[in-house]
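Structural characterization, general
Here is how the chains run, residue by residue.
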Amino acid sequence: MIRDIGIRPIIFSVNCYIATILTMFVAFSLDLKSPGWAMTTVYLTSQPLSGAMRAKAVYRAIGTFVGGAAMVAIVPNLVDAPELTTLAIILWVALCVFVSLLDRTPRSYMFVLSGYTAALIGFPSVLAPGTVFDTAVSRVEEITLGVVCAAIVHSLIFPKSAFSAFEQKLRSAIADTRRWLADGLTQQATPEAEMERRRIAADISELYLLGTSLRFDTSPHRPDISTIRAFDRKIVALLPLVSAIEDRLTLLRRIGPLDAKLTRALAGICDWLKPKATGDRLRAAELKEACVATTPTVGPQSSWADLVTVNLTVRLIELIDCWQAYLSFAAYLADPKQTPSADIRAAAAQIGPKPMHTDPGIALLSALAAAVAMGICAFFWIATAWPEGAGAIAFAAVSCTLFASLDDPTPTIRNIALLLALCIPIVFVYQFFVLPAIGGFVLLCGVLAFVLIPAGILMAIPAYAVVGLALALGFCVEMSLQTSYTADLAVIVNSNSAFVLGGVVALVVTRLIRVIGTQASAQRLIRATYRDLADLAAGRSHPTRDQWASRMLDRVALLLYRQPRFEPRPRHEFADALEDLRLGVNMIETQSIAPAMSKPAQDALAAMFASLAAHFRALARGRVTQLGDDSLQKIDIAISEVTACTTATHTCVAAIVGLRQTLYPDAPPYRPRQIEQADAALPGQSEAASTT
């Protein structure tokens, strides 16, 4: 662990310590009721990146105010029924947990805070409802003080800008994507390349999350959120394009040698992708013209190789445009003080939030687990008339809300509960031996450093972040420093035991109700994709191509995080999320061109999409089914109609060919209907010839 300690963890820890001391000084000066909660807030709010920390601070302050206002509204109105008051608080916390898991942006922290702040304010006020307003005001003051002090210190003393982390991740993403593009045009994908794609998808998701924090960053030049969203749409469009191009090139190489013109066009694009060449708009226009010149003429007798080549050249042209736009955005984001171009402003205008994966089922289970854990603690509190029982309910609420976004929160909750128990002896030593022996604020700050500095260093090291956070929280909460020294053994034992009990109950209930495991979580992601594909095929949802790509790339990243324990090979045909991404894009494009097709082609496509909807609905329910040849025949009918239509564009051909290849990658090549009819007539002709 010593080798993991660099200068940044030490700076982060010292900043947390300074913010804590500043918080404690102000709290003592203002004679706040519970300075310990203000100190705890510093560690709950602090983040290594200043932008992320300030975003968390803003949302924490808003959530605290909302939670306090909710308790001021609930508790006095149920003053004559403590049981109903307890139930109302439990339902409020559960609702906040549910909503927080449906919002995967940093804004979700606001709902988390409004939930467990309500628990910290409401439960101690159940048996003394007249104090709820004073308790709410005190808690809001304490938490706001901790938030403000943490934000000031981390912003002024050697801040680590989120923009610098964004720039570093951006450069890495550009280099990785450029390498993937070049490899995809020149060689066949390997298993190692498959994992590289998933890693790039994860980097793209992380880049977007970093970008959402830039508006709160300490950097003087910050791009607005609409530009970040527009940039994300450009970069997510690259992955299905490259995946499709790799697949088509593999298919064409299997059919035979590549056409000389196509080979030269691919070589030109590879050269253009190099760092010094990319960005040459004149060269990009020449490459697009070369792709157009390579495109075969489409007609009723077009071979499967020609149709695949049409699909490939259309995607190559899209790739050139997309990469050019991507680099324009990247150049602006690397130096946002420059004036954005007209294209960037147009792309950023009227763009909505990034579509991301959510799981209402898991959100409901998490809310249920929080409600049950709090209910058990509340029953024990009421049944035993335990004076400090409200603390157990409050900490059960904190444990169930803070870590609800994890697939398996139990290791984290277990560490928190264990360290809370281990902190009790430390608190005894401080309360009964250290604090009585010192006098003055300076000495108090000095003795607190022996625990808080190591805790902050651990928080800054990802592998030990949970341990550091648990140590800091346990120490600050259990010490419960006041403006005047008081040390009551019974109170210390009761209150600290309540925190540990709340953590243990949260651990047991979460293990029984909420934990689904990494593999089950991955399966839920895949089945959610099947449901979306079924809705897409049935016409129940109408996402744009960019919206579909954004949500699917988010799922690719989520699957990557579950890869170590997830089965190495998919159990059925469409388990790979990148293939599902490409399939959805082709379905969206095919549906968009269907109204322009002939009536027989529209009927064939409608029947094919109906069978696809049933197929994916069955997969979503866990039934492994295979697509029948009837859907393949309907796609081939649609291809025949499109190639025979004189008004059909290359984009139409590319969409329907891409759909066939994605759904039936191992099917025999498409054959024009006239050739099939001629082959079918040959046996009869031979028989007639023999009789004569």
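None of the values given here were measured: they were computed from a predicted structure.

Before going further, it helps to spend a moment on the overall build of the protein. Looking only at helices and strands, the protein features 26 helices and zero strands. Looking at the protein residue by residue over its 692 residues, the buried ones come to 54%. Accessible surface, the protein as shown: approximately 29,300 Å² in total, 62% of it carbon and sulfur.

This part takes up the confidence of the model for the protein. For the protein, the average pLDDT comes to 81, and 90% of its residues sit at 70 or higher. A low-confidence stretch, residues 564-575 (pLDDT under 50), is modelled with 28 contacts involving residues beyond four sequence positions or located in other chains.

Take the pattern of salt bridges next. Counted under the stated rule, the structure contains 12 salt bridges. The salt bridge involving Lys 288 is made with Asp 321; its shortest N-O contact spans 2.7 Å. With Lys 288 in helix α11 (residues 281-294) and Asp 321 in helix α12 (residues 304-334), this residue pair connects regions lying 33 residues apart in the sequence. Under the relative-accessibility criterion, Asp 321 is labelled partly exposed at 36%. Glu 589 is paired through a salt bridge with Arg 315; the nearest N and O atoms lie 2.6 Å apart. In this pair, Glu 589 sits in helix α22 (residues 577-593) while Arg 315 sits in helix α12, placing the two residues 274 residues apart along the sequence. Residue classification places Glu 589 among the buried residues on the basis of a relative accessible area of 10%. We classify Arg 315 as buried; its relative accessible area is 4%. Linked through salt bridges whose partners overlap, the residues forming this network are Arg 315, Glu 318 and Glu 589.

Here the focus is the packing of aromatic side chains. Evaluation of the coordinates by the stated rule reveals 11 aromatic pairs. Ring geometry for Phe 231 and Tyr 326: centres 5.6 Å apart, planes at 15 degrees, overall stacked. One end of the pair, Phe 231, is in helix α9 (residues 225-255); the other, Tyr 326, is in helix α12, with 95 residues separating them in the sequence. Each member of the pair Phe 231 and Tyr 326 is classed as buried. Where Trp 304 meets Tyr 670, the ring centres are 6.4 Å apart and the plane angle is 55 degrees; that geometry is what we call tilted. Highlighted residues: Trp 304 in helix α12 and Tyr 670 in the loop between α25 (650-663) and α26 (673-691), separated in sequence by 366 residues. Assigned by exposure class, Trp 304 and Tyr 670 land together as buried. Members of the aromatic cluster, each reached through a chain of ring pairs, are Phe 231, Trp 323, Tyr 326 and Phe 329.

Put simply, helix α23 (residues 599-620) and α25 touch, their axes get as near as 14 Å, and they point 35 degrees apart. Where α23 crosses over α25, the handedness of that crossing is left-handed. Residues Leu 605, Met 608, Phe 609 and Leu 612 of α23 pack against Ile 656, Leu 659 and Leu 663 of α25. Residue classes in the contact of α23 with α25 are distributed as seven nonpolar, no polar and no charged.

Before going further, it helps to spend a moment on helix α16 (residues 410-434). In a regular helix each residue adds 1.5 Å, so 25 residues correspond to 36 Å; α16 covers 34 Å between its end C-alpha atoms and thus fits that length. A bend of about 30 degrees at Ile 424 is the largest found in α16, and the proline Pro 425 appears one to four places after it. Elements that come into contact with the buried residues of α16 comprise α15 (389-402), α17 (441-460), α18 (465-479) and α19 (489-514).

Here we take up helix α20 (residues 518-538). Compared with the 30 Å implied by 1.5 Å per residue over 21 residues, the 30 Å span of α20 between its first and last C-alpha is a close match. Positive phi shows up at Gly 539, right after α20, with a value of about 80 degrees.

Helix-helix packing is described using two parameters, namely the angle between the two axes and the distance between the axes. Taken N-terminus to C-terminus, the directions of helix α7 (residues 162-186) and helix α10 (residues 260-273) make an angle of 165 degrees; their axes are 10 Å apart at the nearest point. Taken together, the axes of α7 and α10 are roughly antiparallel relative to one another. α10 is crossed by α7, and the crossing has left-handed handedness. In contact with Arg 178, Leu 181, Ala 182, Leu 185 and Thr 186 of α7, α10 contributes Leu 266, Ile 269, Cys 270 and Leu 273. Here the contact of α7 with α10 is built from residues that sort into seven nonpolar, one polar and one charged.

A cluster of nonpolar side chains, contributed by Val 429, Phe 432, Phe 433, Leu 489 and Val 493, occupies part of the molecular surface with about 450 Å² of accessible area. Those elements that provide at least two residues to the nonpolar patch are α16 and α19. The biggest single contributor to the nonpolar patch is α16, with three residues. Looking at where Phe 433 falls in the secondary structure, it is placed in helix α16.

Here we come to the state of the cysteines. Tallying each qualifying case throughout the model produces zero disulfides. As a non-bridged cysteine, Cys 377 has Cys 400 as the owner of its nearest cysteine sulfur, 8.6 Å distant. By relative accessible area, Cys 377 is classed as buried at 3%.

Let's shift gears to unusual backbone geometry. Of note, the phi angle at Asp 31 is positive, near 55 degrees, even though the residue is not glycine. Residue position: Asp 31 is located in the loop between α1 (7-30) and α2 (35-45).

All right, on to the environment of Pro 669 then. Checked against the element boundaries, Pro 669 lands in the loop between α25 and α26. Overall, Pro 669 belongs to the exposed group, its relative accessible area being 51%. In sequence terms Pro 669 and Trp 304 are 365 residues apart; their C-alpha atoms lie 6.0 Å from each other. Setting aside residues no more than four positions away along its own chain, Pro 669 makes contact with Trp 304 and Arg 660.

Summarising the element assignment, Thr 643 is placed in helix α24 (residues 629-644). Accessibility expressed as a relative area gives 4% for Thr 643, which makes it buried. Between the C-alpha atoms of Thr 643 and Ser 302, which are 341 residues apart in sequence, the distance is 7.5 Å. Contacts of Thr 643, omitting those with residues within four sequence positions, involve Val 298, Gly 299, Pro 300, Leu 307 and Tyr 670.

Mapped onto the elements of the fold, Thr 590 is located in helix α22. A polar atom in the side chain of Thr 590 sits 2.7 Å from the backbone oxygen of Asn 586. Aside from chain neighbours lying at most four places away, what touches Thr 590 is Leu 605, Phe 609, Ala 655, Ile 656 and Leu 659.

Definitions and limits used
Residues numbered from 1 in each chain as written. Predicted model: local features only at pLDDT ≥ 70, side-chain atom pairs only at ≥ 80, totals over all residues. Heavy atoms only, no water. Helix = DSSP H or I, 4+ residues; strand = E, 2+ residues; numbered from the N terminus. Buried < 20%, exposed > 50% of the residue type's maximum accessible area, 1.4 Å probe, protein only. Areas by Shrake-Rupley, 256 points an atom, 1.4 Å probe, with all protein chains shown as cover. pLDDT = per-residue confidence, 0-100. Contact = heavy atoms within 4.5 Å. Salt bridge = Lys/Arg side-chain N within 4 Å of Asp/Glu carboxyl O. Phe/Tyr/Trp six-rings, centres within 6.5 Å; stacked < 30°, edge-to-face > 60°. Axes fitted to C-alpha atoms, helices over the stretch in contact; angles between N-to-C directions. Left-handed = near helix turned anticlockwise from the far one by under 90°. Nonpolar A, V, L, I, M, F, W, Y, C, P; charged D, E, K, R; others polar. Expected span 1.5 Å × (residues − 1). Bend = angle between axes of the 7 residues up to and from the residue. Parallel < 35°, antiparallel > 145°, perpendicular 65-115°, else oblique. Patch = residues over 30% accessible without salt bridge, like charges linked within 9 Å, V, L, I, M, F, W, Y side chains within 5 Å. Disulfide = S-S within 2.5 Å. Polar contact = N/O pair within 3.5 Å; in protein donor to acceptor, adjacent residues only side chain to side chain.

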